[in-house]
Amino acid sequence: MKVKSFKYLLTSISVLILVYHLLNMFQFWPEIPERIAIHFTKGEPDNWGLKYFLLVIPLIGLFLWWLIGLLTKRPEKLNYINLTEKNREKQYTMAKKIMILMQNLFFIISILANESLLRYAAGMENGVFIFLSLFLLAVILISLFFNLIWAATLKE
């Protein structure tokens, strides 16, 4: 898959998830108490904050999305294993794809984590969003290891 179509696909998915989350937030906002749980230890809330904290996490996610997007535009600034003149473009293309994947999955993870907080505050089931966040984090780690192994085994 080409870099542009890969970026378009993941960005579209990220935007759809953000829209879904914002619609839920506006729908449940009146039902959310002024103080909500914002941190949990062993499944029990141990830190509390204002419900406006639910607006902060998507903003942090957008900021990280933008920051990682800057790295995607300059793949030559990243560190590489086994970089040669012959495989430079291959490595840059792979790095762009990995950075686009990380950019969007980190954003999606932040939205899913926020959706989990929102649903907990509204008294709804939220376990699936925690599971999806952890699953996507594992996808990021696996893709990074795959990229390292791929780069180390390049013959050119």
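Residues numbered from 1 in each chain as written. Predicted model: local features only at pLDDT ≥ 70, side-chain atom pairs only at ≥ 80, totals over all residues. Heavy atoms only, no water.

### A word on the packing of aromatic side chains
Following the criterion strictly, the structure yields five aromatic pairs and no others. When the centroid spacing of 4.8 Å and the interplanar angle of 80 degrees are considered together, the rings of Phe40 and Tyr120 count as edge-to-face. Placement of the pair is Phe40 in strand S1 (residues 35-41) and Tyr120 in helix H3 (residues 88-121), with a sequence separation of 80 residues. Phe40 gets classed as partly exposed once you look at its relative accessible area, which sits at 28%. Relative to Phe135, the ring of Phe131 lies with its centre 6.5 Å away and its plane at 20 degrees, an arrangement referred to as stacked. With Phe131 and Phe135 both in helix H4 (residues 127-152) and four residues apart, the pair spans about one turn of that helix. For Phe131, a relative accessible area of 55% corresponds to the exposed category. Overall, Phe135 belongs to the partly exposed group, its relative accessible area being 45%. (Phe/Tyr/Trp six-rings, centres within 6.5 Å; stacked < 30°, edge-to-face > 60°. Helix = DSSP H or I, 4+ residues; strand = E, 2+ residues; numbered from the N terminus. Buried < 20%, exposed > 50% of the residue type's maximum accessible area, 1.4 Å probe, protein only.)

### Describing the pattern of salt bridges
Inspection of the entire model under this criterion finds four salt bridges. The partner of Glu34 in a salt bridge is Lys51, and the shortest N-O contact between them spans 3.7 Å. In this pair, Glu34 sits in the loop between helix H1 (3-28) and S1 while Lys51 sits in the loop between strand S2 (44-50) and helix H2 (53-73), placing the two residues 17 residues apart along the sequence. Take Glu34: its relative accessible area is 47%, and that puts it in the partly exposed class. (Salt bridge = Lys/Arg side-chain N within 4 Å of Asp/Glu carboxyl O.)

### Section: the nonpolar core
Grouped together as the largest cluster of nonpolar side chains are 16 residues, with contacts concentrated most on Leu105 and Leu136. Put simply, the parts of the chain that give this core at least two residues each are H1, H3 and H4. Per-element accounting of this core gives the leading share, ten residues, to H3. Setting aside anything within four residues of it in sequence, one finds Leu136 in contact with Leu105, Ile108, Ile109 and Leu112. Within the second largest apolar cluster, ten residues are counted, among which are Trp29, Leu54, Leu117 and Leu118. (Core = buried A, V, L, I, M, F, W, Y, C linked by side-chain atoms within 4.5 Å. Contact = heavy atoms within 4.5 Å.)

### Describing unusual backbone geometry
Positive phi values are uncommon outside glycine, yet Asn82 reaches one of about 65 degrees. Tracing the sequence through the fold places Asn82 in the loop between H2 and H3. A relative accessible area of 31% places Asn82 in the partly exposed class.

### Looking at H1
With 26 residues, H1 extends 37 Å from end C-alpha to end C-alpha; this agrees with the ideal 38 Å at 1.5 Å per step. Inspection of H1 places Phe6, Leu10, Ser14, Leu18, His21, Asn24, Met25 and Phe28 among the buried residues, and these make up the whole buried set. On its buried face, H1 sits against H2 and H3. (Expected span 1.5 Å × (residues − 1).)

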